[in-house]
Amino acid sequence: MTIKQTLKSPVAKVSAGLGAITAIAQPEILFAVGDALIASGPQIFSALTVSALTLPRFLPPDSTVDWILVAAAALFVLYLAREINENFEREGL
């Protein structure tokens, strides 16, 4: 593998990007982001599960029950987004 091919690989690009972010940002900021993501893990998982697995079954809504389920799921995802935002604010981000 040549140097040119190595530099074009996705792993090299991701590594370079993470290295640049680490060099620019202070480690304390990266640790705070990591802590906020870990604290938000359950909410992130629930929001992704509802939006990726539950909602597509009912989209587009045909009946009144489908509309109610979509509205309830949207409210739940908004609630989870608020919880995630609060975790980030608690970490000072």
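Everything below is about the structure printed above this text.
Residues numbered from 1 in each chain as written. Predicted model: local features only at pLDDT ≥ 70, side-chain atom pairs only at ≥ 80, totals over all residues. Heavy atoms only, no water.

Trainee: How should the overall build of the chain be read in this particular structure?
Mentor: Check the secondary structure of the chain and you find five helices and zero strands. Its helices and strands taken in sequence order, the chain reads α-α-α-α-α from the N to the C terminus. Residues classed as buried in the chain amount to 16% of the 93 residues present. Within the chain, counting contacts between residues at least 6 apart in sequence, those at least 24 apart form 65% of the total. For the chain, the computed accessible surface area is about 7000 Å², with 71% contributed by carbon and sulfur atoms. (Helix = DSSP H or I, 4+ residues; strand = E, 2+ residues; numbered from the N terminus. Buried < 20%, exposed > 50% of the residue type's maximum accessible area, 1.4 Å probe, protein only. Contact = heavy atoms within 4.5 Å. Areas by Shrake-Rupley, 256 points an atom, 1.4 Å probe, with all protein chains shown as cover.)

Trainee: What is the right way to read the packing of helix α3 (residues 27–39) against helix α4 (residues 41–58) from this model?
Mentor: Each pair of packed helices can be described by the angle between their axes along with the distance between the axes. Across the interface, α3 lies against α4 with an axial gap of 4 Å and an inter-helix angle of 60°. Overall, the two elements α3 and α4 adopt an arrangement that is oblique. Contact with α3, carried on its side by Leu37, Ile38 and Ala39, involves Gly41, Pro42, Gln43 and Ile44 of α4 and no other residues of that element. In the contact of α3 with α4, the residues fall into five nonpolar, two polar and no charged. (Axes fitted to C-alpha atoms, helices over the stretch in contact; angles between N-to-C directions. Parallel < 35°, antiparallel > 145°, perpendicular 65-115°, else oblique. Nonpolar A, V, L, I, M, F, W, Y, C, P; charged D, E, K, R; others polar.)

Trainee: Help me out: how do you make sense of the pattern of salt bridges in this one?
Mentor: Should the charged atoms of two oppositely charged side chains come close, the side chains can pair. Counted by the stated rule, this structure contains two salt bridges. A salt bridge links Arg82 to Glu83, with the shortest nitrogen-to-oxygen separation between them at 3.7 Å. Residue class for Arg82 comes out partly exposed when judged on its relative accessible area of 47%. A relative accessible area of 16% means that Glu83 is categorised as buried. Taking the shortest distance from any N to any O, the salt bridge between Arg82 and Glu86 comes out at 3.8 Å. Taken together, the residues Arg82 and Glu86, both in helix α5 (residues 64–90) and four residues apart, mark about one turn of the helix. We classify Glu86 as partly exposed; its relative accessible area is 33%. The network of salt bridges with common partners includes Arg82, Glu83 and Glu86. (Salt bridge = Lys/Arg side-chain N within 4 Å of Asp/Glu carboxyl O.)

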